[in-house]
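# Secondary and tertiary structure notes
So you can see what is in the structure, the chains are spelled out below.
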Amino acid sequence: MRRRDFLKTVPAAAIGFPSIVSASALGLEGRPPASDRIVMAGVGFGMMGPGNMEAFLSKDEVQWVAVCDLDKNHLAEAKAMADTKYGNKSCAAYTNFDELLKRRDLDAVSLAVPDHWHAILSIESARAGWDIYGEKPLTHSLREGRALCDAVKRYGRVWQTGSWQRSVEDFHRACELVRNGRIGKILKIEVGLPEGHYDFARTFGQEAIVPPPPELDYETWVGPAPYAPYCKARVHMNWRWNMDFGGGQLMDWIGHHLDIAHWGMGWDLTGPVEVAGTAEYVKSGIYNSPVRYKLDVKYADGTPMVIAGGYPEIWMGAKWIGERGWIWVDRSGFMTEPAGLRNERIGPNEVRLYRSRDHYRNFLDCVRTRALTIAPCEDAHRSASVGHLGVIAIETGRKILWDPATETIIGDPDAEKLLSRAYRKPWQLPA
Amino acid sequence: MSNLKMNKPGSGVLRTAALLAGLFCLIAAQAAPSLDALLKDLAVFQNGGTEEVLHAFRAYVRAHRDGAEERESLETKLDAFLAGEATPASKMAVCRELRTIGTERSVPVLAGLLAAAETTDAARYALEKIPGPAADKALIEALVKTSGSIKLGIIQSLGGRKSQIAMPELAELVLVGDEATAGAAATALGSVGGPDASKALFNLLGVASGEVKSRTASSLLLCGEELLKNKDTKAAAAIYDRVFGSKVSEPIRKAAFKGKVRASGGAAEEAVLAALGGRDGSLREAALDMIPEVFGPESIGRATALFPKLIPAEKIRFLSVLCGYPKDATLPVIKAATDSPDASVRVEALRVLEKTGDGSVVGLLAERAARASGPEQFAARTSLLGMKGADIDQAVLDLLAAASDEAVKAVAVRAVGERSIGAGKDALISIVRSGPAVLRLEAIRGLKGLAGPEDLSALLVLLPGLEDETEQEEMQNLIAGVALTIVRPNARADAVKSLLAVTTDLKARGSLLRVLGKIGDDSGLPLIRKALAEGNPDLVDAAVRAFCDWPTSTAKDDVMAVARTSANPVHKVLALQAFIRMIELEPYRNPAAAAADLEIALKLTSRPEEKKLVLGVLPRFACPEARAIAESLLNDPEVKAEAAIAVARIKERLGS
């Protein structure tokens, strides 16, 4: 039983209520009382973690009690964020996730670690009984995605994926217009993603093998991925450009714009039936994710989709092309043809999609109500699956025939082998 | 080089062609080295060295793995490579390819790599995916020769292969291995699955402890799911009972409870009801999770009967679950919960009415939307606007007609608009015409989603009668918005122009001029110019503001004229700001000409506000003239920061 539940079911006198209780703990100062707060921890503060933590810290009902990171510098910064917020030094700091797992007071965790760690940490979190806010892509391989969805269901956890575009007005409206047939039958979908590699950490070119810095537990950082010696360019933020640790622009963004394309079509719980793809790579250095790529995808109803990075004719974002016009949406804009369509009101008696205007708030609300979030695990898995299948199609050089119901590749044993990844010793996917 | 295109040589260029052909062969030979050459280079590859050889090796394998003979030859050479002297990093590269193309032929050489720390991962990567029992046997044999993390890796691979023949060894390791080994073996057994694995794990649960016990229990849950999938509910129930009683952890106990329920067939409802009515809070949570799976619309009443006994946090969860049920079965409980003494429960009850409510709750929601505050009011409003069904629309209209309380009526007015209830349009127009002030603004706003071009005349007639400035402006916006839906651009202002021609009241004319400005139909410009020329202060004010509202740059000269000549400082400022905005609307213009216009604007003002606007627009017309203008403001203390940014942006765009 967690602290929150314990406090709810046991009379205060029975637990030796302290004689001095802060106003904040009692729910004065506008905050919910401690017994009603959602106790959270965060894991991974190299890129998305700090922003996610900041957003959660801004919610009165959240009590952030712990941070965990393999890099002591990141860890210190994250702890300082929480301590500054609460004006104390109470936030616990862990470099070892197993130690965090021993805590029995957590309700939820926010995970923002490199892709190759997503599945293991997420499933362990679910086993611990924590609800999870996790970054996209859901997992590093398609089979991990299925295992994670099963675990989230098995342990009855609330899951929110960091596919926050679903909680933004323009994306929501665009999808509702598509779902309500405003442009007629959809003839084609275009999903534009970024190309190339971006130097997030300003470490491009720093590929000389050197000893890992003392603040980083590099052995654990590599974790289940194939071992590769430390160099600055391999780790923080830019790990995503190597396919052993991330999935390049394709997998980084598939959980955003493809996810929106799926949402607009009502394909959240299914997937394509055919995926073919081509890609271009740089020919040297440690980054081996595609810099320019194109996937030709087909769904069961025959609708074709193009997913591309580095093809200017495919606009960044999601674009549905229908019999009576088109709808395009991206973070930079929302356009329709005919133009007036953009402002058409969706009536209450039409298809209304799940509505959220604050992705973090939605997660916290669902932690309370146990309802599905706006970006649940299964939806994220189906979005990521298209990217995983694309990577396999590129790798094999063949069109992949996919059965979305059984999640199996049809007639291509080589490709089937690529649905999972090998784990370095001693790592293992938990049940 | 296969896609290198060469022109067919003509008779006069044979020598050149021969040279080119020789060059082609040379390049081709360099671009596509043989496998032997590649492997020779690969053999000395070290992590941290240039990875070009890896890229080339991968490319070679991809190009030669699809034909059966070629594939066999490739595998043979890769096996030979692994048997020879080569760096561990190069062997990893080869094993990664064997993961896809490897067969039982590769197993012996891979088996030889399993026990060594530097090659064990590489060997496992390949062996995990090689079909047939030989790979299983190699891994099993390696178990006894290895220890520590190497052994853990092998256990993991056997689980990944779902190796049934490794069952006895894995089961033994759970019993005799150290904690890490036993835990890994327990997890692997869960992956292997099947009756034997279930049986082994079942027996182990009783003797294991700590982390091993926890891993064993999780694996058993996995086995239980598999059994349920195969409809073996009896075996599944036995597993779940055992795990449930094992006291491993609350999450696992709850998961086991759910499994028990799923396996209990016809007794599922009783199991959930017993938990829901029991004293165990943890099980009540699990029971709530199971309600959608267990109770149908016909039986959900059995569960809702227990609703009053739950604590508030559980009531909130229960209400959320009820969203998925037909309203007949759940509405009484939800309605009652809207009067809960706990505010969070009330909010949740109001929220779920969006999915479960019918016409009977419209009054309740309107009342709360009008009277409550904070989350409760928001939830009531959201549900009122979001409930589906024609009966809801009719209930809203009935409420609009019958409500005597103005606050409630205002909510109904808003709902008519937000829900786009076409049958309520006349009622809203009537409220604008003769309703109380507190409802008029809401009615005007509501009409935005309802009125069409056919209503323009009626709306225009109402415009002069509105005294309140906000109502006037909202009505002008409404009329302009409706006019803009007319397909022919030069017909959009027709109704306004016609009325303007016969209107003498100055205030009414001013209001109509403002509407013309918001519509932006160019055929209306002469009327505005005429009004400006009349000189009446009210009309001049309306005309200037109409020019300034103009949505395109057609009125640019008009606003410039006002900016230059008006004696009214407010008009000068408004006109100048509109002028700068309209320059920005012409991105296709010659940059130097646009910059010259912006310079004119600068000369007409001494205020930092307009200078900042100019500096914001200048970079869009990057040219030396624009840069000079921006640089001229670098020493202006009020705008020097904006000037510096503008200069930097212009330089960036000019590439200087």
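Residues numbered from 1 in each chain as written. Chains lettered and ligands numbered in written order. Predicted model: local features only at pLDDT ≥ 70, side-chain atom pairs only at ≥ 80, totals over all residues. Heavy atoms only, no water.

### Thoughts on the overall build of chain A
Note the threshold: Counting from the N terminus, the helices are the DSSP runs of H or I reaching at least four residues and the strands are the DSSP runs of E reaching at least two. Our radius of gyration looks at C-alpha atoms and nothing else; its globule reference is 2.2 Å times the residue count to the power 0.38. Only protein chains enter the accessibility calculation, which uses a 1.4 Å probe; a residue is then buried when its area is under 20% of its type maximum, exposed when over 50%, and partly exposed in between. Note on contacts: a residue pair is in contact if any heavy atoms of the two residues lie within 4.5 Å. Two residue types count as positive, namely Lys and Arg, and two as negative, namely Asp and Glu; His and chain ends fall outside the count. Just so you know, the charge point we use is NZ for Lys, CZ for Arg, CG for Asp and CD for Glu.
The secondary structure content of chain A amounts to 12 helices and 15 strands. The globule rule puts the C-alpha radius of gyration for 431 residues at 22 Å, and the 22 Å found for chain A is close to it. For chain A, the spread of C-alpha atoms along the principal axes amounts to about 70 × 60 × 40 Å. Classification of the 431 residues of chain A by burial places 62% in the buried group. Considering only contacts within chain A whose residues lie at least 6 apart along the sequence, 71% involve residues at least 24 apart. If the 53 positive side-chain charges of chain A are averaged to one point and the 54 negative ones to another, these points end up 3 Å apart.

### What to know about a nonpolar patch on the surface
All names here are of chain B. For clarity, the threshold we go by: Exposure above 30% relative accessible area and no salt bridge define the residues that can form patches, which grow by joining like charges within 9 Å and nonpolar side chains of Val, Leu, Ile, Met, Phe, Trp and Tyr within 5 Å. Only the protein chains shown count as cover for residues, and all accessible areas are computed by the Shrake-Rupley method using a 1.4 Å probe. Salt bridge criterion: a side-chain nitrogen from Lys or Arg within 4 Å of a carboxyl oxygen from Asp or Glu.
A contiguous nonpolar patch, built from Leu175, Val176 and Val207 and spanning about 320 Å² of accessible area, is present on the exposed surface. Among the secondary structure elements, valine 207 is positioned in helix α12 (residues 194-207). In this structure valine 207 comes out as exposed when scored by relative accessible area, which is 60%.

### Describing the interface of chain B and chain A
Applicable threshold: Buried area is a sum: the accessible area each of two parts loses on coming together, probed at 1.4 Å, counted once for each and added. Between N or O atoms, a polar contact is any pair within 3.5 Å; within protein, one atom must be a potential hydrogen donor and the other a potential acceptor, and residues adjacent in sequence are included only when both atoms are from side chains. Any residue outside Ala, Val, Leu, Ile, Met, Phe, Trp, Tyr, Cys, Pro, Asp, Glu, Lys and Arg is labelled polar, Gly included; the first ten of those are nonpolar and the last four are charged.
Contact residues are listed per partner, giving 69 residues for chain B and 57 residues for chain A. Taken over both partners, the interface formed by chain B and chain A buries close to 4900 Å², and the fraction arising from carbon and sulfur atoms is 44%. A per-residue breakdown of the area chain B buries against chain A is headed by His55, Gln156 and Arg317 of chain B, which together make up 10% of the total. On inspection of chain B and its partner chain A, the count reaches 8 salt bridges. Its salt-bridge partner being glutamate 395 of chain A, residue arginine 65 of chain B comes within 3.4 Å of it at the nearest N-O pair. For the pair chain B and chain A, the number of links is 23 residue pairs in polar contact (both at pLDDT 80 or more). Here the side of chain B that touches chain A takes 8 residues from helix α13 (residues 210-229) of chain B, the largest share from any one element. In terms of residue class, the side of chain B that touches chain A is made up of 19 nonpolar, 20 polar and 30 charged.

### Some details on the domain arrangement of chain A
When the parts of a complex come together, some accessible area is lost, and that lost area is often used as the size of the interface. Residues and elements named next belong to chain A. Which entries qualify depends on this criterion: Note that the domain bounds were set by an automatic or database domain assignment.
In terms of domain boundaries, chain A breaks down into domain 1 (3-165) and domain 2 (168-345 + 377-431). Summarising the inter-unit geometry, the C-alpha centres of domain 1 and domain 2 are found 27 Å apart. Taken together, the contact between domain 1 and domain 2 spans 39 residues of the former and 52 residues of the latter. The junction of domain 1 with domain 2 conceals about 3900 Å² of combined surface from both sides, 62% of it contributed by carbon and sulfur atoms. At the surface where domain 1 touches domain 2, the tally comes to 3 salt bridges. For the salt bridge of arginine 143 with glutamate 416, the shortest nitrogen-to-oxygen distance reads 2.9 Å. The tally of links between domain 1 and domain 2 comes to 27 residue pairs in polar contact (both at pLDDT 80 or more). Going through the elements one at a time, α3 (72-86), α5 (118-127), α6 (142-154) and β6 (159-161) are the ones with two or more residues in the side of domain 1 that touches domain 2. Taken together, the residues of the side of domain 1 that touches domain 2 sort by class into 17 nonpolar, 12 polar and 10 charged.

### Overview of the packing of aromatic side chains
Residue and element names in this part refer to chain A. As a reminder, the rule being used: Only Phe, Tyr and Trp rings are paired, with Trp represented by its six-membered ring, and only when their centres lie within 6.5 Å; those with planes under 30 degrees apart are stacked, over 60 edge-to-face, the remainder tilted. Whether a charge sits over a ring depends on NZ of Lys or CZ of Arg being within 6 Å of the ring centre and within 35 degrees of the ring normal.
The full count for this structure, using the stated rule, is 20 aromatic pairs over all chains. Between tryptophan 267 and tyrosine 299, the ring centres sit 3.9 Å apart and the planes meet at 15°, which makes this aromatic pair stacked. With tryptophan 267 in the loop between α9 (248-265) and β8 (274-280) and tyrosine 299 in the loop between β9 (292-298) and β10 (304-309), this residue pair connects regions lying 32 residues apart in the sequence. For the pair shown, tryptophan 267 and tyrosine 299 are each scored as buried. Three or more aromatic residues link up through ring pairs in this structure, and these residues are Phe56, Trp64, Tyr133, Tyr360 and Phe363. The positively charged end of arginine 240 is found above the aromatic ring belonging to tryptophan 239, 4.4 Å away from the centroid. When the ring centre of tryptophan 326 is taken as origin, the NZ or CZ atom of lysine 319, which lies over that ring, is 4.7 Å away.

### Re the sheet that holds β6 of chain A
All names here are of chain A. Selection rule: For two strands to be treated as a pair, DSSP must find no fewer than two bridges joining them. Axis lines are fitted through C-alpha atoms, for helices just across the contact stretch, and the angle between N-to-C directions can take any value from 0 to 180 degrees.
Spatial strand order, β3-β2-β1-β4-β5-β6: 6 strands in an open sheet with parallel pairing. The open sheet terminates on both sides in strands that have one partner only, identified here as β3 (92-94) and β6. Put simply, the sheet's adjacent strands are angled 20° from each other on average, direction ignored. As paired strands, strand β5 (residues 131-134) and β6 are joined by 3 bridges and run parallel to one another.

### A look at the confidence of the model for chain A
We count it as follows: The predictor's confidence in any single residue is recorded as pLDDT, a number from 0 to 100.
For chain A, mean pLDDT is 92; residues scoring 70 or higher make up 93% of the total. Scored below 50 in pLDDT, residues 1-28 of chain A shows 44 contacts in the model against residues more than four places distant or in partner chains.

### Concerning the pairing of strand β2 (residues 62-68) of chain A
Residue and element names in this part refer to chain A. Going by this rule: A clockwise path from the first strand over the helix to the second, with the strands pointing away from the viewer, defines a right-handed crossover.
Among the 7 residues that make up β2, 7 are buried, leaving the element largely enclosed by the rest of the structure. When strand β1 (residues 38-43) meets β2, the two strands line up parallel, connected through 6 bridges. Looking at the pairing, valine 39 lines up with glutamine 63 of β2. For the crossover that starts at β1, traverses helix α2 (residues 48-57) and ends in the parallel β2, the hand is right-handed. For β2 and β3, the ladder comprises 3 bridges, and the chain directions are parallel. For cysteine 68, the partnering residue across the bridge sits in β3 and is tyrosine 94. The β-α-β motif built from β2, the intervening α3 and the parallel element β3 has right-handed crossover chirality.

### Digging into the sheet that holds β10 of chain A
All names here are of chain A. Spatially, 9 strands are ordered β13-β12-β11-β7-β10-β9-β8-β14-β15 in an open sheet, and the strand pairing comes out mixed. The outermost strands of the open sheet, each flanked by one partner alone, are β13 (333-337) and β15 (408-409). Sheet topology places strand β14 (residues 400-403) next to β15; 2 bridges connect them, and they run antiparallel. Residue pairing for β15: tryptophan 402 is matched across the bridge by isoleucine 409.

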